[in-house]
Amino acid sequence: MFVSFEGVDWSGKSTQARLLADWLRDQGRAVLATREPGGTPLAEGVRNLVLHGHDMSSWAEAALYAAARADHVASVIRPALARGEDVVCDRYLDSSVAYQGVARGLGLERVRDLSLLVTDGLLPDRTFVVLLDPAVARARSGDDHDRIEREGDEFMRRVDAAYRQLARAEPDRIVACDGARPPDEIAEEIREHVRALL
């Protein structure tokens, strides 16, 4: 099973990814918990460049994320799935669609198609989008922000709107969760959806 988590920065998606991976392990399942960008030395290098490097064009950003994803899928995600492991990924291609495709204006379909091309069409069995008003999410943040997190409120509102649009467009794959609730309540809702996949 391949499950991904999405949401604006500070929405609680990373917490939910960790809680689900822990729960699956408690059920006796083999689990690979990973993140994007990241998961391989190359992808971690891209993560550092994109999040902490110099400003770059929107297409350069999208292409770097796609390159990291290609390596991550080929080297980590597909082999784990082939071994029969569950994969829980903190961000995947829907992040590129929301952030670069919609919020940066590159085009939802164009950015989605790029990710599908470099991953040979790999989509998660289920994607959980933790929805939280971007202003509320930003209030949870600390002082140390990366290059993407430093984008303004309007940018984050576009990202949030994109996630909501994606959830409406793909209801069989994407589950929208109310991120304003306590983490344990959100986690139980997610587990109910995942039980159907086991």
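Residues numbered from 1 in each chain as written. Predicted model: local features only at pLDDT ≥ 70, side-chain atom pairs only at ≥ 80, totals over all residues. Heavy atoms only, no water.

Would you mind showing me how to read the side chain of serine 95 here?
Position of serine 95 relative to the elements: it lies in helix 4 (residues 93–103). Engagement of the side chain of serine 95 in a polar contact is seen with the side chain of tyrosine 163, the distance being 3.1 Å. Ignoring any residue separated from it by four or fewer positions in sequence, one finds serine 95 in contact with Glu6, Gln100 and Tyr163. (Helix = DSSP H or I, 4+ residues; strand = E, 2+ residues; numbered from the N terminus. Polar contact = N/O pair within 3.5 Å; in protein donor to acceptor, adjacent residues only side chain to side chain. Contact = heavy atoms within 4.5 Å.)

In this structure, what is going on with the pattern of salt bridges? I would like to understand it.
When charged atoms on two side chains of opposite charge get close, those side chains can pair. Per the stated rule, a full pass over the model turns up 18 salt bridges. Its salt-bridge partner being arginine 181, residue glutamate 189 comes within 2.3 Å of it at the nearest N-O pair. Arginine 181 sits in the partly exposed class, given a relative accessible area of 24%. Each of the salt bridges in this network shares a partner with another, and the network as a whole consists of Asp94, Arg112, Glu170 and Arg173. (Salt bridge = Lys/Arg side-chain N within 4 Å of Asp/Glu carboxyl O. Buried < 20%, exposed > 50% of the residue type's maximum accessible area, 1.4 Å probe, protein only.)

When you look at the nonpolar core in this model, what are you seeing that I'm missing?
Within soluble globular proteins, side chains that are nonpolar tend to cluster in buried spots. Ranked by size, the top nonpolar core spans 30 residues in total, and within it Phe2, Ile77, Tyr92, Tyr99, Val159 and Tyr163 carry the most contacts. The element contributing the most residues to this core is helix 7 (residues 153–169), with seven residues. When sequence neighbours within four positions are dropped, the list of residues in contact with tyrosine 92 reads Phe2, Ser4, Glu6, Glu36, Arg69, Val73, Ile77, Thr119, Leu122, Leu123 and Pro124. (Core = buried A, V, L, I, M, F, W, Y, C linked by side-chain atoms within 4.5 Å.)

Please explain the environment of aspartate 120 as it appears in this structure.
Relative to the assigned elements, aspartate 120 resides in the loop between helix 5 (108–118) and strand 4 (126–131). Assessed through its relative accessible area of 65%, aspartate 120 is described here as exposed.

Where do I start with the environment of serine 75 in this structure?
Topologically, serine 75 is positioned in helix 3 (residues 58–82). Residue classification places serine 75 among the partly exposed residues on the basis of a relative accessible area of 44%. Spatially, the C-alpha atom of serine 75 lies 31 Å from that of glutamate 188, the residues being 113 residues apart in sequence.

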